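Each chain, written out:
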Amino acid sequence: MPIRVRKAVFPVGGLGTRFLPATKAMPKEMLPLVDKPLIHHAVEEARAAGIEEFIFVTGRGKSTIEDHFDQSYELEEQLSAKGKQDMLEALRAWLPTPGKVAYTRQQEPLGLGHAVWCARHLIGNEPFAVLLADDVFLGPSPCLKQMTDVFEGQSMVAVETIDDESISSYGVLKVAKQVRPSLVQVSGLVEKPRREEAPSNLAVVGRYILTPKVFEFLDRKQQGAGGEIQLTDALSWLAGLEPFYGVKIAGERFDCGSKSGYLRANIAFALERADLRDDLIEYLSNLSIERKRRVAAGGAGR
Ligand code: UTP
């Protein structure tokens, strides 16, 4: 019987400093992509890949994420009283099945590896997915689904080819061999290598399927690049022990952890929407060259 990935971890314990002041009192993962929070997109993607249990690793100031995936009695009553049945049903349709969602708290944001480790007892002894809500994808099929479609029990990461200028911002693969055009076997990983030391141009983007063996390394709580407990270090260790793969993802990725990636994602996702597309295309095509020049020169753009 094929091995299924049933559980997913959503690490949402980070501080989101690149989005301050927006993220001072609001989690970065609740920033809307068009009209759904980033974390909502990630949960939908996980569902589309067959995930049944959703584990959030939260931190201080993240309680709106729990509220978002919970019933809202006042709102539902209001919608019902106003006869907005469609909205009410749509709202209820995506609520998680009771008992299939869990929250655990990362008391200190010590790094992504530490956040994943915080979920160890909820994962137990089976392979699991990790989704970072700030990477979002538009492609022929959801990113995690592209991975579960080729999953055969071994750990794997989603990867993208990154140019030399940006490679030092990523976890980068040491490639052992090309298995198929979109699949490579990995012998190790390096977190944020210097450009001239990057072992390849294949970088990890925020989706992982991992065997529980990874917790053996994370148990050591070893600090890596930037003094953080890095997931990449645990993956590199794992790749030295077990078969480990990189899946080249078809489609476009947006780094919503950066402001420009977030803005681009909003435009791209809005263009996918029949109710927004025409208006946005008109606006974008009327954005005159003169105005762009004025804004770029620091003049009044409004
Ligand atoms: P980032 O590396 O983007 O860090 O985390 P960040 O703190 O969220 O944002 P900046 O860099 O300060 O702007 C990627 C994902 O890992 C989670 C974050 O919540 C985000 O979803 N994370 C990161 C944790 O859950 N815990 C951590 O200790 C670090």
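For clarity, every value in this text was computed on a predicted model and none was experimentally measured.

**Q** How do you make sense of the site of the ligand when you look at a structure like this?
**A** Taken together, 17 residues surround the ligand, and among them Gly13, Thr17, Arg18, Glu29 and Gln106 come closest. Arg18 has a polar backbone atom sitting 2.8 Å from an oxygen atom of the ligand. In the environment of the ligand, a nitrogen atom lies 2.8 Å from a nitrogen or oxygen atom belonging to the side chain of Gln106. Calculation on the ligand without its partners gives an accessible area of 570 Å², and the protein chains cover 83% of this total. Broken down by class, the residue content of the shell around the ligand amounts to 7 nonpolar, 6 polar and 4 charged.

**Q** Sorry, what's going on with the packing of aromatic side chains here?
**A** To describe a pair of aromatic rings, you give the distance between the ring centres and the angle between the ring planes. Enumeration according to the criterion identifies 9 aromatic pairs in this entry. Judged by centre distance (6.2 Å) and plane angle (70°), the rings of Phe254 and Phe269 are edge-to-face. Of this pair, Phe254 sits in strand E13 (residues 252-255) while Phe269 sits in helix H10 (residues 259-271), and the two are 15 residues apart along the sequence. Considered together, Phe254 and Phe269 belong to a single accessibility category, that of buried residues. Of the aromatic side chains, those joined through ring pairs into one cluster are Phe10, Phe54, Phe56, Phe69, Trp94 and Tyr103. Directly above the ring of Trp117 sits Arg120, whose terminal nitrogen or CZ lies 3.6 Å from the centroid.

**Q** I tried to follow the pattern of salt bridges on my own but got confused; where do I start?
**A** A pair can form between side chains of opposite charge whenever their charged atoms are brought close. Evaluated as defined, the whole model comprises 20 salt bridges. The partner of Glu165 in a salt bridge is Arg195, with the nearest N and O atoms 3.3 Å apart. Of this pair, Glu165 sits in the loop between strand E8 (155-161) and strand E9 (171-180) while Arg195 sits in the loop between strand E10 (183-191) and strand E11 (202-210), and the two are 30 residues apart along the sequence. Classification of Glu165 by relative accessible area gives exposed; the value is 54%. One salt bridge in this structure joins Arg273 and Asp275, with 3.0 Å as the shortest N-O distance. The exposure class of Arg273 is partly exposed, given its relative accessible area of 25%. A cluster of three or more residues bridged by salt bridges with shared partners is formed by Arg4, Arg6, Lys7, Glu52, Glu53 and Glu126.

**Q** Before we go on, may I ask you to explain the environment of Ser187 in this structure?
**A** You can see Ser187 is positioned in strand E10. According to the relative accessible area criterion, Ser187 is partly exposed, its value standing at 38%. The sequence separation of Ser187 and Ala46 amounts to 141 residues, and the corresponding C-alpha distance is 27 Å. When neighbours within four sequence positions are excluded, Ser187 is seen to be in contact with Lys174, Val175, Ala176, Ser236, Ala239 and Gly240.

**Q** Explain the pairing of E9 to me, please; I cannot follow it from the model alone.
**A** The side chains of a regular strand alternate between both faces of the sheet. With 8 bridges connecting them, E9 and E10 associate as antiparallel partners. Bridging across to E10, Val172 finds its partner in Val190. The turn linking E9 back onto E10 is made up of 2 residues.

**Q** Looking at this model, I keep getting lost on the pairing of E11. Mind explaining?
**A** Counting buried positions over the 9 residues of E11 gives 9, a clear majority of the element. In the sheet, strand E6 (residues 128-131) pairs with E11 via 4 bridges, with the strands oriented antiparallel. Looking across to E11, one finds that Phe128 is bridged to Leu210. Pairing of E8 with E11, which is carried by 6 bridges, proceeds in the antiparallel orientation. Bridge pairing links Val159 to Val204 in E11.

Calculation notes
- Residues numbered from 1 in each chain as written.
- Predicted model: local features only at pLDDT ≥ 70, side-chain atom pairs only at ≥ 80, totals over all residues.
- Heavy atoms only, no water.
- Near = heavy atom within 4 Å.
- Polar contact = N/O pair within 3.5 Å; in protein donor to acceptor, adjacent residues only side chain to side chain.
- Areas by Shrake-Rupley, 256 points an atom, 1.4 Å probe, with all protein chains shown as cover.
- Nonpolar A, V, L, I, M, F, W, Y, C, P; charged D, E, K, R; others polar.
- Phe/Tyr/Trp six-rings, centres within 6.5 Å; stacked < 30°, edge-to-face > 60°.
- Helix = DSSP H or I, 4+ residues; strand = E, 2+ residues; numbered from the N terminus.
- Buried < 20%, exposed > 50% of the residue type's maximum accessible area, 1.4 Å probe, protein only.
- Lys NZ or Arg CZ within 6 Å of the ring centre and 35° of its normal.
- Salt bridge = Lys/Arg side-chain N within 4 Å of Asp/Glu carboxyl O.
- Contact = heavy atoms within 4.5 Å.
- Pairing = 2+ DSSP bridges.

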